[in-house]
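Here is what each chain is made of, one letter per residue.
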Amino acid sequence: MRHRSKLWTLAAFLLAITGTSTLQAQEYFGRNKPSYESFNFDVYRTPNFEIYYYLKNAERRKDLADFTELWYRYHQNLLTDTFSTLNPLIFYNDHADFQQTNTISGGVGVGTGGVTEAFKNRVIMPIALTNQATYQVLGHELVHAFQFNRILNGDSTSIQNLGNLPLWVVEGMAEYMSTGSVDPHTALWMRDAVLNDDVPTIDQLNNPKYFPYRYGHAFWSFLTGLKSDRIIEPFFKSVAIFGVDNAITGVLGMNKKDFSKLWQDAITAQFKPMIEGKEKNVFGKPILDDKDGGQMNISPSISPDGKYVLFTSERNLFSTDIFLADATNGQIMKTVASTARGGNVDFFDFLESSGAWSPDSKRVALVGFKRGRNVLLIKSPFTGKTVDEFNLGDLPAFSNPSWSPDGKTIVVSGLKEGHTDLYTFNIRTRTLKQLTDDKYSEIQATWSEDGQTLYFSTDQKAWENGRTYGRLTFNLASMDLVSGAVTHYDDVFPGADNLNPQLDTAGNIVFLSNRDGYRNLYRYDPDSKEVTQLTDLAVGITGISHYSPAISVDRKRDRVLYTLYNKRGYSIYRATSKDFLDKKVDPKDVTYAAAQLPRLNRTVKSIIDQQISAIDQVIAGETAPLQEVPFKSKFKLDFLSGGGGIGVGNNLFGTNAGLAGGIQALFSDILGNNQIIANLALNGQIQDFGGMVTYINRKGKFQWGGSLMHIPYPYYAYDSTYLDNSDIGPVVVDQYSVYRIFQSGATGFVQYPFSSTLRAEAELDFTRISQSLRQIKEYSQYDPFFFDGRGRPLGQDQEKVGSLPGFTMPGVGAAIVGDKSNFGLTAPLQGYRFRVGFRQYLGDIQFLNPTIDFRGYLRKKPFTFAARAMHTGRYGRDSENTDVFPPLFLGSPWWVRGFQGNVAQNLERDGLVTFDNLVGTKMGLFNAEVRIPLLGPKQLALIPSNIVPADLNFFFDSGIIWTRFEQFNFEGPNGKNLIRPLSSVGASVRVNLFGALILEPYYAIPLIKGAQGGFGLNFMPGW
């Protein structure tokens, strides 16, 4: 019976892990990935691709198919590789739809333009706001498809080789092969590196502070300019097999030190002449920079009265938020909108939009992502309160709102059925009107003072003129809202990108252009046709992307706000007309010289540049065959891993055949809507075979599934006795008892995510706990001269006792779960999380396990004030059955620190606490902490460190535990209530060990007169 008692204690512990005590695990919180819509994809085949597409726009479908096949031929030409099967390509209408994709498991951020997934080599991407961005991202992602195909299907490579590929090698190669060696945006970053003496070595390229897309792009231009584009395939393959260092030596025949210096010198030599004479050029003064903590201060929007500026920044660290500041001195006044606080907005559009002010400077319009589509939010900038919220009819995606002078209408660039057009939305009548309807991209519209004209940027003339420079560049245009007539100012820097038009006090168009490879501010007078250059910057004006809004004009006070890129960060500058250059320039003067990335050997021509320059002619004659085929789920194995073996050996329990091994497998369909996850393991005998198989359906708004499991848990007991044998004397009898507990069952579950931060979940399961016993007796002659008293083995008996009594535990549970927290170095530092639910156990063992758990985190840099209030317990018929389920222990370091182990024993010995103060079946908790990031990234921690992140914490823990409510009416032996709360204070340090384990050594002082403090250790992230 002694062994059986231990067995049931272990069984209870195992069940607690999978059932009643899962509150101790952080995974019972977590963000959601809702499916707000069901997309009905049609399937079309081209010679090399299988295109999944649900838009009704056949013209756009054909256009994308043509570009897909063209990019395939271009990449194949250099990578000398082919796809053995049709490669999947999945298009979404817009980014809000793309964020719901099930083809990848993780979340999709606003800045993700596309994804190429390895197992099925699926290219998944949304149609972008601009045609050029769509084609470039398509080309970029198809490079990744070739990369994965080369590694996963190569004769000398496998999935393990992906670990040898630095991000800057992978992403830089995709940027170079889809953009070429002439790119104003990457060149801008490189000029900044040279200007600030911050050109990284080859080793330093692995540091994430050097953005892998831009620096990797420049690297591949440098490498191919040295060795030609034919070096791409062998160098990439060598890096995958041997790593960067060996690839430099083996493929290039150089040592890394010399090669690294050559790279740094090439960047400096290319861009130093382009910044000479411009190093100290400053136009206006900064009003928002990194002095207040934000490295990214972008998308300025000045109020019509000139007093305030709305801008976007990550200065709150855990989210990219929208702030209100004084337009004169940049003093931050209010966080206007934040995804980390309140509301159900998943993201705000900071890549393609800036906030729009109402003409009375009392409201602002913002673009958010909510429930799978864009929403127009009207907010008070002074309180942050949402005044109104609009879905724009059947327009699912839009950006860059601009408020009409009469305050009635807001114009947006809307993306529908693959095309971007201008729309107006009347906020009073809630009516939407489409202004343009064509294949061109019309973006960044602004109103004239009288509200009769819209000024915007469009790629129409680039289409009509054959895509100058092989790129769909943007010209300035205006629309008369009465007649609908469009005027194109295509005589202004033709072939350059002319973006972000604004009107100044005189009605001139102030805009950004990269006409000389830089990114500067210009002014265009529509009457005189004169163009004036206003800035001449060494680096340039830009937002996060090439198409991000980066300027705002105060029409009444002759002021301009612009975003300057410098020192790998973004600052907002304020300038007036007296601060500007005011230099007349030829509107036909267009050259991309400053956009040229380094190419040391001028005799080596870029094949990629030649291909891109020929796109105009090639795509015009492109007619990729396009055949519609029936949709098939293509459910198949994605991933398989594991290993094991079989053998015969002499172990503790005699000579036995033993097996060991495990397999993990993932199956899914082409869209990721259905998944099967299997984990199978064998460790010991055949009866030790176990595993779990889970099916998940993620297609609809309800996510549901089920699992089957059979898991053995071996448990060993040992005893030793002596027998008298008249022939040979004393005999040692070693008895080994091998218990096996089997947890078998089936579970069905369903979840309904209301948003990314709130869900409802329910579960129904049947669990059977059974056990078996096998006993082995080994006989040995007693010999006192042996160190353990055992001499010559005499024999062995084995007995299979068979099955022992078990029990069943069917159960049902449900919960509401919210999680809007942001995790820091070792614990959440901002937001909130909660769980309210229950689990009812039925069958042989019956009780109710409710859970109420609320946690809040208020961050006041650098401190976080955290609080937790919680109740859990067991109620009902078998709630007090501690033979099967052990009681809860209040002194666990996860609950109330300071009452652990020997400390609790000493307190009980001294009469300061009783057993009933620490052990029971129902528990209430309150915890409070002050969390201080001590070591870690400089944006977060007090002491910058890249070694081991750590937090310093000061805590107050308090809890009460009981079994029966009647206990509150009795006194204990010390004259105090039998049931009373226990509290402690103390300090701890949580250390994050390389993301694999969080340790928390702590010192806690029980708040009991006469109690001594003590040290303890916790092994979990902070609650």
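Residues numbered from 1 in each chain as written. Predicted model: local features only at pLDDT ≥ 70, side-chain atom pairs only at ≥ 80, totals over all residues. Heavy atoms only, no water.

Enquirer: Hey, could you run me through the overall build of the chain in this one?
Expert: A count of helices and strands for the chain gives 15 helices and 53 strands. Relative to a compact globule of 1023 residues, whose C-alpha radius of gyration would be 31 Å, the chain shows 34 Å and is just as compact. Each principal axis of the C-alpha atoms in the chain carries an extent, and together these give about 120 × 65 × 55 Å. Out of the 1023 residues in the chain, the part that is buried amounts to 57%. (Helix = DSSP H or I, 4+ residues; strand = E, 2+ residues; numbered from the N terminus. Rg over C-alpha atoms; globule rule 2.2 N^0.38 Å. Buried < 20%, exposed > 50% of the residue type's maximum accessible area, 1.4 Å probe, protein only.)

Enquirer: What is the right way to look at unusual backbone geometry in this model?
Expert: In terms of backbone geometry, most residues other than glycine have negative phi values and most peptide bonds are trans. Here Lys 861 and Pro 862 are connected by a cis peptide whose omega angle stands at 5 degrees. The residue Pro 862 is located in the loop between strand 44 (847-860) and strand 45 (863-873) in this model. The backbone of Asp 558 shows a phi angle near 55 degrees, a positive value even though the residue is not glycine. Its place among the elements puts Asp 558 in the loop between strand 28 (551-554) and strand 29 (559-566). Here Asp 558 falls in the partly exposed class, since its relative accessible area comes to 32%.

Enquirer: Looking at this model, I keep getting lost on the sheet that holds strand 10 (residues 332-337). Mind explaining?
Expert: Note: strands within a sheet are paired through backbone hydrogen bonds, in either parallel or antiparallel orientation. Strands sit in the order 7-8-9-10 across an open sheet of 4 strands; the sheet is antiparallel. Lying at the two open borders of the sheet, with one neighbouring strand each, are strand 7 (297-302) and strand 10. Adjacent strand axes in the sheet meet at a mean angle of 30 degrees, parallel and antiparallel pairs treated alike. Sheet topology note: the strand 8 (residues 308-313)/strand 9 (residues 321-326) ladder contains 6 bridges and is antiparallel. Paired with Val 309 across the two strands is Ala 325, which belongs to strand 9. (Pairing = 2+ DSSP bridges. Axes fitted to C-alpha atoms, helices over the stretch in contact; angles between N-to-C directions.)

Enquirer: Just to check I follow, could you spell out the packing of helix 6 (residues 184-195) against helix 7 (residues 212-227) for this structure?
Expert: Relative orientation and spacing of two packed helices are given, respectively, by the angle between their axes and the distance between those axes. The N-to-C vectors of helix 6 and helix 7 enclose an angle of 90 degrees; their axes lie 9 Å apart at closest approach. If you check the angle between helix 6 and helix 7, you find them roughly perpendicular. Touching His 185, Thr 186, Trp 189, Met 190 and Ala 193 of helix 6 are Arg 214, Tyr 215, His 217 and Ala 218, all from helix 7. When grouped by side-chain class, the residues that make up the contact of helix 6 with helix 7 number 5 nonpolar, 3 polar and 1 charged. (Parallel < 35°, antiparallel > 145°, perpendicular 65-115°, else oblique. Contact = heavy atoms within 4.5 Å. Nonpolar A, V, L, I, M, F, W, Y, C, P; charged D, E, K, R; others polar.)

Enquirer: Would you explain helix 14 (residues 901-909) in this entry?
Expert: Along an α-helix, residues three or four positions apart point the same way, because every turn accommodates 3.6 residues. Within the span of helix 14, buried status applies to Val 903, Ala 904 and Leu 907. Buried residues of helix 14, viewed axially, fall in a sector of 95 degrees; they line one side. Looking at helix 14, the residues exposed on the side facing more than 90 degrees away from the buried face are Asn 902, Gln 905 and Arg 909. As for helix 14, its buried residues are in contact with strand 46 (888-889), helix 15 (915-918) and strand 52 (997-1006). (Arc of directions from axis to C-beta.)

Enquirer: What exactly am I supposed to notice about the side chain of Thr 312 here?
Expert: Note on placement: Thr 312 falls in strand 8. Residues contacting Thr 312, with those up to four places away along its chain left out, are Met 296, Asn 297, Ile 298, Ser 299, Thr 320, Asp 321, Ile 322 and Phe 350.

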